[in-house]
Amino acid sequence: MINLNFSRIWIIEFNALYYLRNYRNVLISSKLTNIHNNFLFNLNNANKFSTANVLLKNKDRYKDKKKVIHINLDEIRNIIKVDHMISRFDGTIEKYKDQMIKNLPLRTRIGAIEELTITFEDEEHNLEELVEINRKPNMIILNVSAFPQIIPNILETLSKSQMNLNPQQEGTIIYIPIPKITKEHREVLTKMAKQYFNKCKDIISDIRNEYVKELKNYENAPKDLIFKAEDYINATQKEYVKKAEQLLKSKQKELLGE
């Protein structure tokens, strides 16, 4: 009787262990299946990513960061004339401003006509020094009776003045109608403003090249100092080009009536 009960208990325990093992195997198999499926899902998603997008994001992350240059101006002054260079850059910008004010007025200024330079007997004179000027509401009248031989020079200067002038001659009298503001005239002035900007930009570049070239004369100076000096020159050049660009944009908006 005892042996029978023991056998039954052993069979029950054996069956219990069997089911427990099977249940454990099912759980493990289920977990492995889930892991495998998740891996395949992630792999499929990974294949959908674009390398270009990742690179673009990486670029976007750093695009706003600017190169920081630590410069000691006292050291740089030992190899370049900083103040003189800045003065030349400033002078270039001021000349650019003056050119746009004098040569690109939207409305023709009588004063600008009076200040036109005329070459007479190998000397340069303002127009007002050579002629008598009468002003009318829509007309400027020049009396050139004192120096009639200079009339061809005056007509040529007026025509090339970039003021959209159309002078008419009658004897020793020159009539200059005040031109109306047209869309075409605005566009011409805008293109001329860009030409003045390009000239200004070229001069700034020439100044930069001149000072960079001078650095080669300091062969005994530390290379690190030479590099910093060149970085400073380049950075200064860029700042002045930006100033010129801002002046150009402002002038073009004015000329186009924006």
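Reading guide: rules and limits
Residues numbered from 1 in each chain as written. Predicted model: local features only at pLDDT ≥ 70, side-chain atom pairs only at ≥ 80, totals over all residues. Heavy atoms only, no water. Helix = DSSP H or I, 4+ residues; strand = E, 2+ residues; numbered from the N terminus. Contact = heavy atoms within 4.5 Å. Areas by Shrake-Rupley, 256 points an atom, 1.4 Å probe, with all protein chains shown as cover. Pairing = 2+ DSSP bridges. Axes fitted to C-alpha atoms, helices over the stretch in contact; angles between N-to-C directions. Salt bridge = Lys/Arg side-chain N within 4 Å of Asp/Glu carboxyl O. Buried < 20%, exposed > 50% of the residue type's maximum accessible area, 1.4 Å probe, protein only. Parallel < 35°, antiparallel > 145°, perpendicular 65-115°, else oblique. Left-handed = near helix turned anticlockwise from the far one by under 90°. Core = buried A, V, L, I, M, F, W, Y, C linked by side-chain atoms within 4.5 Å. Polar contact = N/O pair within 3.5 Å; in protein donor to acceptor, adjacent residues only side chain to side chain.

J.: Requested: an account of the overall build of the protein, with residues and values cited.
T.: Counting secondary structure elements, the protein contains eight helices and six strands. Going residue by residue from the N terminus, the α and β elements of the protein occur as α-α-α-α-α-β-β-β-β-α-β-β-α-α. Residue pairs in contact within the protein that sit at least 24 positions apart in sequence constitute 67% of those at least 6 positions apart. Summing over all exposed atoms, the protein offers an accessible surface of approximately 18900 Å²; the carbon and sulfur share of this is 52%.

J.: Let's hear about the sheet that holds strand β4 (residues 139–143): which residues, and what values?
T.: Taken together, four strands build an open sheet; the order of strands is β3-β4-β6-β5 and the sheet is antiparallel. The open sheet terminates on both sides in strands that have one partner only, identified here as β3 (132–136) and β5 (168–170). Across this sheet, the average inter-strand angle for adjacent strands is 20°, counted without regard to direction. For β5 and strand β6 (residues 173–177), the ladder comprises three bridges, and the chain directions are antiparallel. Bridge pairing links glutamine 169 to isoleucine 174 in β6. Where helix α6 (residues 151–159) meets the sheet, it contacts β4, β5 and β6, and its direction lies at approximately 10° from that of β6.

J.: An account of the pattern of salt bridges is requested, with residue identities and associated values reported.
T.: Taken as a whole, this structure holds ten salt bridges when the rule is applied. Of the charged contacts, one joins aspartate 83 and arginine 77 as a salt bridge, the two residues approaching to 3.4 Å between their closest N and O atoms. Given the relative accessible area of 52%, aspartate 83 is considered exposed. Look at arginine 77 and you get partly exposed, because its relative accessible area is 38%. One salt bridge in this structure joins glutamate 230 and arginine 208, with 3.9 Å as the shortest N-O distance. Taken as a pair, glutamate 230 in helix α8 (residues 223–256) and arginine 208 in helix α7 (residues 183–214) lie far apart in primary sequence, 22 residues in all. On the accessibility criterion, glutamate 230 (27% relative accessible area) is partly exposed.

J.: Give a description of the side chain of asparagine 234 that names residues and reports values.
T.: Its location among the elements puts asparagine 234 in helix α8. The residues contacting asparagine 234, other than those within four sequence positions of it, are Arg208 and Val212.

J.: With reference to specific residues and values, describe the packing of helix α4 (residues 82–103) against α8.
T.: In the contact formed by α4 and α8, the axes pass within 11 Å of each other and the chain directions differ by 15°. Between α4 and α8, the angle is such that the two are roughly parallel. Considering how the two elements wind past one another, α4 and α8 form a crossing that is right-handed. Contact residues: α4 offers Val82, Met85, Ile86, Phe89, Asp90, Ile93, Tyr96, Lys97 and Met100, while α8 offers Tyr232, Ile233, Thr236, Gln237, Tyr240, Lys243, Ala244, Leu247, Leu248 and Lys251.

J.: Please give an account of the nonpolar core that cites residues and values.
T.: Ranked by internal contacts, the top residues of the largest apolar core, which has 33 residues, are Ile79, Ile80 and Tyr96. When contributions to this core are tallied by element, the ones reaching two or more residues are α4, α7 and α8. Those residues within four positions of tyrosine 96 in sequence are excluded, and the remaining contacts are Ala193, Tyr196, Phe197, Cys200, Ala244, Leu247 and Leu248. Counting 20 residues, the second largest nonpolar core, distinct from the first, contains Leu116, Leu142, Ile174 and Ile176.

J.: Residue-level account of the side chain of histidine 125, with values.
T.: One can find histidine 125 in strand β2 (residues 123–126). On the accessibility criterion, histidine 125 (18% relative accessible area) is buried. Of the polar contacts made by the side chain of histidine 125, one reaches the side chain of glutamate 129; its length is 3.3 Å.

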